[in-house]
Amino acid sequence: MGYLEEMLVRNGVIYRTPDSGSFYIEGSLLSNSLVVRNSSGLVTHRIERACNGVDLVVRNISTGCVEMRINASIL
């Protein structure tokens, strides 16, 4: 998940701290997607397939809005 994590850091979705415990990415069995959790364990973002079935979108859980789109050709 190195490249995906770098994209999320670059776009301000997750933040790195010296203890590297602020945010982390994990798989979600219920929704077949990846989720971003904060240090409290709450889900803040969901990473899922875009409507074209190829690209990825990062959706904010609290607003439901897509915050960024990741082109699958660069993964």
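For the structure itself, consult the block above.
Residue numbering note: each chain is counted from 1, following its sequence as written. Thresholds applied to this predicted model are a pLDDT of at least 70 for local features of residues and 80 or more for the giving and counting of side-chain atom pairs; totals over whole chains, interfaces and linings are not thresholded and use all residues. Water and hydrogen atoms play no part in the side-chain values, which are based on all heavy atoms of the structure.

The rule for a salt bridge is simple: a side-chain nitrogen of Lys or Arg has to be within 4 Å of a carboxyl oxygen of Asp or Glu. Here the structure, examined in full by the defined rule, presents 3 salt bridges. Note that arginine 46 is salt-bridged to glutamate 48, the shortest N-O span being 4.0 Å. With a closest N to O distance of 3.5 Å, arginine 69 and aspartate 55 form a salt bridge. With arginine 69 in strand S5 (residues 66–70) and aspartate 55 in the loop between strand S3 (43–49) and strand S4 (56–60), this residue pair connects regions lying 14 residues apart in the sequence. By relative accessible area, which is 46% here, arginine 69 ends up partly exposed. Salt bridges linked by common partners bring Arg46, Glu48 and Arg59 together as one network. Elements are defined by DSSP. Helices are runs of H or I of four residues or more, strands are runs of E of two residues or more, and each kind is numbered from the N terminus. Between buried and exposed lies partly exposed: a residue is buried under 20% and exposed over 50% of the maximum accessible area for its type, with that area taken using a 1.4 Å probe on protein chains only.

Here glutamate 48 is to be found in strand S3. Judged by its relative accessible area of 22%, glutamate 48 is partly exposed. Linking glutamate 48 and valine 58, residues 10 residues apart in sequence, is a C-alpha distance of 6.7 Å. Contacts between residues were defined by any pair of non-hydrogen atoms, one from each residue, lying within 4.5 Å. With residues near it in sequence (within four places) discarded, glutamate 48 still touches Ser33, Asp55, Leu56, Val57 and Arg59. A distance of 2.9 Å separates the side chain of glutamate 48 from the side chain of arginine 59, its partner in a polar contact. Think of a polar contact as two N or O atoms within 3.5 Å of one another; within protein, one of them needs to be a possible hydrogen donor and the other a possible acceptor, and neighboring residues in sequence only count if both atoms come from side chains.

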